[in-house]
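Here is how the chains run, residue by residue.
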Amino acid sequence: MSASRIVYLNGEFLPFEQAKVPIMDRGFLFADGIYEVSAILDGRLVDNAAHLARLDRSLGEIGIRNPHDSAEWERLQTELVQRNGVTEGLVYMQVTRGVAERDFAYPSADTPPTVMMFTQAKTVAANPLAEKGARVITVEDLRWKRRDIKSVALLAQVLAKQQAVEAGVSEAWMVEDGAITEGSSSTAFIVSRDRKLVTRPLSTALLPGITRASVLKLAAEADLTIEERLIPVAEALDAAEAFYTSASAFVMPVVEIDGRAIGEGKPGPLTKRLRELYLDLARAG
Ligand code: PDD
């Protein structure tokens, strides 16, 4: 955290060290808030309109007023990215229900939300993991029933990712009733042996991934037909190819699940093609 890092808090651009939130913030006490993450590539925000639309929807689902319209959000994001000189990485946005004496029910309607943003410089396009391919493990999905809301309550995902780290792999795919729901911070896909691109249909059981939606639009260009249905773990282990998507990973090839090699144990050709197509799209703005 360099001394020159600038973050955004409640209307101000501040040095990181000066950006403080009171201990009674409901994000801190109850994880009562929503977040979003957009990638930055070549200094530009990727798929940002869709991320801001999901932010608005998530806030609406838990009754927090969106403090900004999309144009204002984008103006603030762009200023933060420029102030930090980030050309590749992420911008993180968070809105909580604000600061109030601790009480479970909502505070009075005039309580201002806490609005915060920071950037992270990071290599997202030329990521060496994408060359090598990621290994994943499956873990039980311990989450609540409204996973379509991008809530800051991420304890189950924290535990899942830690299991992955302890197993020496990159991601954990969460499993419910024998089928993969999604990754701890990504959407899961397989390519079946008959060239179907398979991913779970949208519902309250998973986050509607923004990268997922873009990749599904690119499937035809990679000569793939789409099947939105549940993916049993046994089928994933036997898939021709597998990958996961997110704002930070883009399209990340999976080469091993639970110690078992997928396909030839290296990034699959269709996955590589989808990654290229997605990068082209992201760069085109
Ligand atoms: N996570 N599923 C979950 C549970 C996620 O947390 C994420 C993103 C995704 C992928 O969504 P998208 O393509 O819109 O990024 C799917 C972000 C990157 C994070 O928590 O850092």
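Preceding block: the structure.
Residues numbered from 1 in each chain as written. Predicted model: local features only at pLDDT ≥ 70, side-chain atom pairs only at ≥ 80, totals over all residues. Heavy atoms only, no water.

## Here's the deal with the site of the ligand
Note the threshold: The criterion for a residue being near a molecule or strand is simple. One of its heavy atoms has to lie within 4 Å of it. Identification of polar contacts relies on pairs of N or O atoms within 3.5 Å, with a donor-acceptor requirement for protein atoms, meaning one able to donate a hydrogen and the other able to accept it, and with residues adjacent in sequence counted only if both atoms are side-chain atoms. What sets the accessible areas is the Shrake-Rupley method with a 1.4 Å probe; for residues, cover comes only from the shown protein chains. Secondary structure elements are defined from DSSP: runs of H or I of at least 4 residues count as helices, runs of E of at least 2 residues count as strands, and each element is numbered from the N terminus. As a working rule, the residues Ala, Val, Leu, Ile, Met, Phe, Trp, Tyr, Cys and Pro are called nonpolar, Asp, Glu, Lys and Arg charged, and the rest polar, with Gly in that last group. Domain ranges listed in this record stem from an automatic or a database domain assignment.
Lining the immediate surroundings of the ligand are 20 residues, of which Tyr35, Glu182, Ile210, Thr211 and Ala247 lie closest. At 2.8 Å from an oxygen atom of the ligand is found a side-chain nitrogen or oxygen belonging to arginine 54. For the ligand, a nitrogen atom lies 2.6 Å from a polar atom in the side chain of glutamate 182. Contact with the protein chains removes 91% of the 470 Å² of surface that the ligand exposes when unbound. Among the elements of the structure, strand E3 (33–41), helix H2 (48–61), strand E9 (179–183), helix H6 (210–218) and strand E14 (241–246) are those that each provide at least two residues to the shell around the ligand. Tallied by class, residues from the shell around the ligand come to five nonpolar, 11 polar and four charged. The residue makeup of the shell around the ligand includes at least three contributed by each of domain 1 (6–121) and domain 2 (128–284).

## Details of the side chain of asparagine 127
As a reminder of what qualifies: Think of it in three bands: residues with accessible area under 20% of the maximum for their type are buried, residues over 50% are exposed, and the middle band is partly exposed, with areas taken using a 1.4 Å probe on protein chains only. What makes two residues a contact is simply this: any of their non-hydrogen atoms within 4.5 Å.
With respect to the helices, strands and loops of the structure, asparagine 127 is situated in the loop between strand E6 (114–121) and helix H4 (128–132). Look at asparagine 127 and you get buried, because its relative accessible area is 17%. Not counting the four nearest positions on each side in its chain, asparagine 127 is found in contact with Met252 and Arg275.

## Looking at unusual backbone geometry
Glycine aside, the phi torsion of most residues is negative, and most peptide linkages are trans. Of note, the phi angle at arginine 195 is positive, near 60°, even though the residue is not glycine. Locating arginine 195 in the fold gives a position in the loop between strand E10 (187–191) and strand E11 (196–199). Phi at phenylalanine 250 takes a positive value of approximately 55°, unusual for a residue other than glycine. Topologically, phenylalanine 250 is positioned in strand E15 (residues 250–257).

## A closer look at the environment of threonine 87
You can see threonine 87 is positioned in the loop between helix H3 (70–84) and strand E5 (89–96). Overall, the relative accessible area of 51% leaves threonine 87 in the exposed class. For the pair formed by threonine 87 and alanine 121, sequence separation is 34 residues and the distance between their alpha carbons is 7.5 Å. Not counting chain neighbours up to four residues away, the residues in contact with threonine 87 comprise Ile40, Leu41, Asp42 and Gly43.

## A closer look at the pattern of salt bridges
Rules: Just to be clear on terms, a salt bridge is a Lys or Arg side-chain nitrogen sitting within 4 Å of an Asp or Glu carboxyl oxygen.
Under the definition given, this model contains 25 salt bridges. Between arginine 75 and glutamate 79 there is a salt bridge whose closest N-O contact spans 3.6 Å. Of this pair, arginine 75 and glutamate 79 both sit in helix H3, four residues apart, roughly one helical turn. Owing to a relative accessible area of 44%, arginine 75 belongs among the partly exposed residues under this scheme. Across the pair arginine 143 and glutamate 182 runs a salt bridge whose closest N-O atoms are separated by 2.8 Å. One end of the pair, arginine 143, is in the loop between strand E7 (134–140) and helix H5 (155–166); the other, glutamate 182, is in strand E9, with 39 residues separating them in the sequence.

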